[in-house]
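Chain by chain, the residues run as shown.
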Amino acid sequence: QEQLVESGGGLVQAGGSLRLACAASGNGRCVSPAAWYRQAPEKERELVADATNGYFNYADSVKGRFTLTRDRSKNTLYLQMNSLKPEDSSVYYCYAPNRCPWDGTVELWGQGTTVTVSP
């Protein structure tokens, strides 16, 4: 079964930058990372950015600060996060739809990577 593996989280001061990476284990035929979500303690998971139909879309709260890029050769989706704010602190999850749901798995989530932004 294909998996999504995230990396790049950590602790950074406000105003700093981090780059998250989400790599899918397969060759992209069935699974390609498509979006980043985040979930802070006691809050609902929210969409941060997604790559849909060739377009990159961003939540209003991150527009102008976060940027998605994709490396198709590595089947990896990156989230460059600049000008980080304490309110960006969260666990960030990668998401991908499964185009080959023969076993009933219609979507995949990464394990999550923690981003902590200190004031």
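Residues numbered from 1 in each chain as written. Predicted model: local features only at pLDDT ≥ 70, side-chain atom pairs only at ≥ 80, totals over all residues. Heavy atoms only, no water.

Peer 1: Would you explain the sheet that holds strand β1 (residues 4-7) in this entry?
Peer 2: Within a sheet, each strand pairs with its neighbour through backbone hydrogen bonds, oriented either parallel or antiparallel. With respect to topology, four strands assemble into an open sheet ordered β1-β3-β8-β7, the strand pairing being antiparallel. Each of the sheet's edge strands pairs with one partner strand only, and the pair in question is β1 and β7 (66-71). Taken pair by pair, the neighbouring strands of this sheet meet at an average axis angle of 15°, ignoring direction. (Pairing = 2+ DSSP bridges. Helix = DSSP H or I, 4+ residues; strand = E, 2+ residues; numbered from the N terminus. Axes fitted to C-alpha atoms, helices over the stretch in contact; angles between N-to-C directions.)

Peer 1: Honestly, the side chain of S90 in this entry has me stumped. Any pointers?
Peer 2: By the element assignment, S90 lies in strand β9 (residues 90-97). Within the structure, S90 has its side chain in polar contact with the backbone oxygen of Q39 (distance 2.8 Å). From its side chain, S90 meets the backbone nitrogen of A40 in a polar contact 3.1 Å long. Those residues in contact with S90, other than ones at most four positions away along the chain, are R38, Q39, A40, T113, T114 and V115. (Polar contact = N/O pair within 3.5 Å; in protein donor to acceptor, adjacent residues only side chain to side chain. Contact = heavy atoms within 4.5 Å.)

Peer 1: Hey, could you run me through the nonpolar core in this one?
Peer 2: Side chains of a nonpolar character, in soluble globular proteins, are inclined to be buried together. Residues L4, W36, V48, F66, L79, M81 and Y92 are the most contacted members of the largest nonpolar core, which totals 25 residues. Only β3 (18-24), β5 (46-52), β7, β8 (76-81), β9 and β11 (113-118) provide two or more residues apiece to this core. With four residues, β3 is the single largest residue contributor to this core. (Core = buried A, V, L, I, M, F, W, Y, C linked by side-chain atoms within 4.5 Å. Buried < 20%, exposed > 50% of the residue type's maximum accessible area, 1.4 Å probe, protein only.)

Peer 1: I'm lost on the packing of aromatic side chains in this one. Help?
Peer 2: Each aromatic ring pair is described using two quantities: the centre-to-centre distance and the angle formed by the ring planes. Tallied over the full model, the rule gives three aromatic pairs. Taking 6.1 Å as the distance between ring centres and 70° as the angle between the ring planes, the aromatic pair formed by Y37 and Y95 counts as edge-to-face. Note that Y37 is positioned in strand β4 (residues 35-39) and Y95 in strand β9, a separation of 58 residues in sequence. In this structure Y95 comes out as buried when scored by relative accessible area, which is 18%. Where Y95 meets W109, the ring centres are 5.0 Å apart and the plane angle is 55°; that geometry is what we call tilted. Here Y95, found in strand β9, pairs with W109, found in strand β10 (residues 107-109); they are 14 residues apart in sequence, far enough to count as distant. Under the relative-accessibility criterion, W109 is labelled partly exposed at 32%. An aromatic cluster is present here, built from Y37, Y95 and W109 joined pairwise through their rings. (Phe/Tyr/Trp six-rings, centres within 6.5 Å; stacked < 30°, edge-to-face > 60°.)

Peer 1: Explain the state of the cysteines to me, please; I cannot follow it from the model alone.
Peer 2: Each disulfide is one covalent bond, formed between the sulfur atoms of two cysteines. What the rule picks out here adds up to two disulfides. Note that C22 is cross-linked by a disulfide to C94, the S-S spacing being 2.0 Å. Looking down the S-S bond of the C22 and C94 bridge, the torsion is -85°, so its handedness is left-handed. Within this pair, whereas C22 is found in strand β3, its partner C94 is found in strand β9, the two being separated by 72 residues in sequence. Exposure class is identical for C22 and C94. Each is buried. If you count the bonded cysteines of the protein chain from the N-terminus, they pair up as 1-3, 2-4. (Disulfide = S-S within 2.5 Å.)

Peer 1: Could you clarify how one ought to interpret the pattern of salt bridges in this entry?
Peer 2: Tallied over the full model, the rule gives four salt bridges. We note a salt bridge from R65 to D88, for which the minimum N-O separation is 2.7 Å. Of this pair, R65 sits in the loop between β6 (55-58) and β7 while D88 sits in the loop between β8 and β9, placing them 23 residues apart in sequence. Across the pair, exposure class does not vary: R65 and D88 are buried alike. Connected through salt bridges with shared partners, the residues R38, E46, R65 and D88 form a single ionic network. (Salt bridge = Lys/Arg side-chain N within 4 Å of Asp/Glu carboxyl O.)

From the geometry alone we can't say anything about function, so treat these as descriptive.
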